[in-house]
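Below, each chain spelled out in residue letters.
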Amino acid sequence: MKVTTTLSSAAALSLVAGLALPLAPAVAADAAADSDIRISEIAYTLETDFIEVAADPGTDISGWTFGSVTRGGSVQAQENTVTVPEDTTVGDSGAVAIDVPITNSVKAGSAADGEYGSSAFVIDDDGELVDFQQIGGVVDGKGVTGTKNTFTPAPVIGQEAQPTGATAAGGQSIQLTGDAWKSAAPTPNALPDSSDDGDDDGDDGETPEGVTPIADIQGTGDASPIQGKTVTTCGVVTAAYPEGGLNGYYIQTPGTGGADRADGAASDGIFVYSPDTVADISIDDHVEVTGTVSENYGQTQISVSASGLKTVDEPAEAVKPVEDAFPAGDEKRESLEGMLLQPSESLTVADNYNTNTYGEVVLATGEGTLDQPTDVHRPGTPEAKALEAENLDREVVLDDGATVNFLKADKDIPLPYLSKEDPVRVGAQANFTSPVVLGFDHEKWRFQPTTRLTGDNAEAVQPTTFTDTRTEAPEAVGGQVSLASFNVLNYFTTTGDQLSGCQYYDDREGNHITVRGGCDARGAANAESLKRQETKIVTAINKLDASVVSLMEIENSAAFGKDRDDALATLVKRLNEAAGTEKWDFVDSPAAVPSDEDVIRTALIYQPAEVAPQNESTILDDQDAFSNAREPLSQAFAPKDDSGEVEKDKTFVTISNHFKSKGSGSGPGNEDSGDGQGASNADRVKQAESLVGFAGDQQEAANSDLVYLLGDFNSYTQEDPMQVFYEAGYKDIAAEKTDESTYVFGSRTGSLDHVLALDASDEAHGAGTDATAFDSVTGADVWNINSVESLALEYSRFNYNVSDLFAPDQFRASDHDPVVVGLFDSADEGGDDDAADAAENADADGSSDHPGGKNAGKNGGENGNHWGSRDGDHPGGKNAGKNGRHNGW
């Protein structure tokens, strides 16, 4: 908390009682009911967040609560409320500002009218709600209602915020002037001039004489130096968006651009926001516009009315695209804002999650995708923070020239960028074939095509091509047998229509596709949808063709009064039908199962021609550690030789796992600490510790040191739970032997899925013991068929858009990629010397965070989705869609 925006929170707590504010006689706290005390300013910039109240000088606000609710109406975290320290009073200025973190995003939706954002509230020390003001919305219309949760104060719950009708331009706050709210530079602890009538027209509407060059309007900083002024400028229209919601066009100074542009120069392009005139212009027109300069979500623009556009008769020198490598970082990009450019180097696709929602593809400059920091470095370290800063500098969004949410509107317009023939996959290269304009919106730099792009006009408008990185099967991993992990994405043969109370996600024609909630089913809504899901899963697993496959997110049929293995048996039946032979079998549930299980479970399937189960399966029944996760399932196997004889001397132990997700948590150590590990980290550490003990028991029961832990650990490679395994002698096979990852989340690529192998000590190995589990590995691959593909291809998105993107293939069968591992070199029972040498070299070349590990693999060689529990898109608008996954945080 701070009462001036120049003090840190810690300093404010110690200095608030001694503020240099002249004090008048103290006013009782209950004066809130007797005088006009109300919120007067709300700041929610990237640098400054505060809530200011206006009150009589000397008003004592000690013990009052200042806070912010999200666009949904609840207080997101404890830090979003602040209790004012003792002896805090309002100074002679008649205003006092309290520092409170506020979400800086706006959306449209059903919770309020119009475009709206977070809401600020003030509660006095008697528990009375003093004021509740909403960012944006429609004045006198419906506002956000306070919603009950852990952190929302009782006086706010059920109360409706008053819409201000105002949102802040970049770097500004919204301020109450007279009876109206407006956007202006923040003025904490000071009220605006009472003579200001709320019209933000700069210096009393002063208009610079003549024509102002676009470069002078843009300036060389991150905001225009003449915000609020009315200007006249000229330019050539480079891009126009009469449809799709942008409601404007870009203009650029004639003759500018090209290869000889000076570094750091002010931009020569600018966005003209003009719903009244956008239909009257065409690309390449030479125009003169008159309007007011402002910053809209960080982009400089001129707002032009119907009378503010003139066509210039004189011909203009053509604009030339800037042809150069697209730079990283805000400073260099600012000089290109609003300009036509054609990047000369390819960029890498970093995310396609929002492609089917907003027509966006996240790209990365430089080499490779954007690594999840905790996949490469220990959480919270300077290295992890530096990597995330680098990621933010590298990001740029390839947009579609529109603001449409395709899940809510324009469902009969084919999605941009996506098609069956030309996939857009994370890790693919994007090559620019025609110019784009560089814009900025919702905290992201954006490449906009020169007009709105749809699937119908892609041949003429789409500015990029993408390389096709698909493979029809995993890379060969060698070995006598193979292991793999596979997440089957809530495979439920108990469909929603078999239960009562289910709610659904529907396609564009109102047909139920997947279960949204209201019942215990989590997968397909009906038999038709299940068949589509099964087809993709069956195709993928049969092409994976591993000897043993660990499954996650399969129905626990006991939850529906059936045999526990009912859904598992159905899946194996479908696999065999597709294979045309009895290729697969499943590991039966043991007689003893936990008394309280989730509706999803782990499972193991195998190929009887290649391996034979040894002894019965076992489930780890540790209710303390796994009360909020799926219990591990263990089964020992022995490989079969070419004649079908079982080689019991090679018996190996497999344990299938699915740890607690990152999306929620309660109890000590389970809150999201902000270090990148998400919620429930302490629980995952406890689960890892329990699993290590269980694995030791199974190792002893099988009389074999060949122990493999497979599955979704919901932990990136360098996070705390994984350290438990490394310290217990396990190695992450994919991290050691590949540079590939299994998951994409928030435009970051990393691995939540792992196959871990027990590795004996050097001393034991040197003493002449048999090869360790890790030594027995002949090769590994991460088969990127799911996480890198667009969500639009998933069975759960069938017929959401007029584009028919469903195919009965392996691509986007799930949201996690399978890891496949080969075991036992038939020529050398001690393992693959080449593989061992490669692992040794990887350790020497790159490891910095743990022995071997992900960092070695990456550096030596040179990612709701189910983090929550259910499938479904974030209900918010453009920024909400960026910041939240359908199952995630």
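Residues numbered from 1 in each chain as written. Predicted model: local features only at pLDDT ≥ 70, side-chain atom pairs only at ≥ 80, totals over all residues. Heavy atoms only, no water.

Enquirer: Before we move on, could you go through the sheet that holds strand β11 (residues 180-184) and cite the residues and values that matter?
Expert: Judged by pairing direction, the sheet is antiparallel, and its 5 strands sit side by side in the order β5-β2-β1-β10-β11 without closing on themselves. The open sheet is flanked by β5 (95-99) and β11, the only strands paired with a single partner. On average, each strand axis in the sheet is inclined to that of its neighbour by 25°, with strand direction left out of account. Strand direction decides the pairing type here: strand β1 (residues 38-44) and strand β10 (residues 173-177), joined by 3 bridges, are antiparallel. Pairing of Glu-41 across the sheet is with Gln-175, part of β10. (Pairing = 2+ DSSP bridges. Helix = DSSP H or I, 4+ residues; strand = E, 2+ residues; numbered from the N terminus. Axes fitted to C-alpha atoms, helices over the stretch in contact; angles between N-to-C directions.)

Enquirer: Break down the environment of Ala-184 for me, with residues and values.
Expert: Mapped onto the elements of the fold, Ala-184 is located in strand β11. C-alpha of Ala-184 to C-alpha of Ala-168: the two residues are 16 residues apart in sequence and 7.3 Å apart in space. Beyond its immediate stretch of four places on either side in the chain, Ala-184 contacts Gln-172, Ser-173 and Gln-175. (Contact = heavy atoms within 4.5 Å.)

Enquirer: Please give an account of the packing of aromatic side chains that cites residues and values.
Expert: Going through the model one piece at a time under the given rule, you end up with 18 aromatic pairs. Ring geometry for Phe-713 versus Phe-725: centroids 5.4 Å apart, planes at 70°, classification edge-to-face. Here the residue Phe-713 occupies a position in the loop between β34 (707-712) and α12 (720-727), and Phe-725 occupies one in helix α12, the gap between them amounting to 12 residues. Like Phe-713, the residue Phe-725 is buried in the burial classification. Taken together through their ring pairs, the aromatic side chains of Tyr-606, Phe-637, Phe-652, Tyr-708 and Phe-824 make up a single cluster. If you follow Arg-797 out to its NZ or CZ, it ends over the ring of Tyr-800, 5.5 Å from the centre. (Phe/Tyr/Trp six-rings, centres within 6.5 Å; stacked < 30°, edge-to-face > 60°. Buried < 20%, exposed > 50% of the residue type's maximum accessible area, 1.4 Å probe, protein only. Lys NZ or Arg CZ within 6 Å of the ring centre and 35° of its normal.)

Enquirer: Can you break down the state of the cysteines residue by residue, with the values?
Expert: Formally, a disulfide is one covalent bond, and it connects the sulfur atom of one cysteine to the sulfur atom of another. As enumerated under the stated definition, the model contains 1 disulfide in all. A disulfide bridge connects Cys-502 with Cys-519, and the sulfur atoms are separated by 2.0 Å. Here the disulfide of Cys-502 and Cys-519 is right-handed, its torsion about the S-S bond being about 105°. Remark: Cys-519 occurs in the loop between β27 (512-517) and α8 (527-544) and Cys-502 occurs in the loop between β25 (481-491) and β26 (503-506); sequence separation between them is 17 residues. (Disulfide = S-S within 2.5 Å.)

Enquirer: With reference to specific residues and values, describe the sheet that holds strand β28 (residues 548-555).
Expert: Taken in spatial order, the 6 strands make up an open sheet running β29-β30-β28-β25-β40-β39, and their pairing is mixed. Looking at the sheet topology across the chains shown, the edges are occupied by β29 (585-586) and β39 (777-782). Pairing geometry for β39 and strand β40 (residues 819-823), over 5 bridges, is antiparallel. Its bridge partner lying in β40, Ala-780 is registered against Val-821. Those strands touched by α8 are β25, β28, β30 (600-606) and β40, and its axis lies near 170° from that of β25. Contacts from helix α9 (residues 566-579) reach β25, β28, β29 and β30, with the element oriented near 125° to β28.

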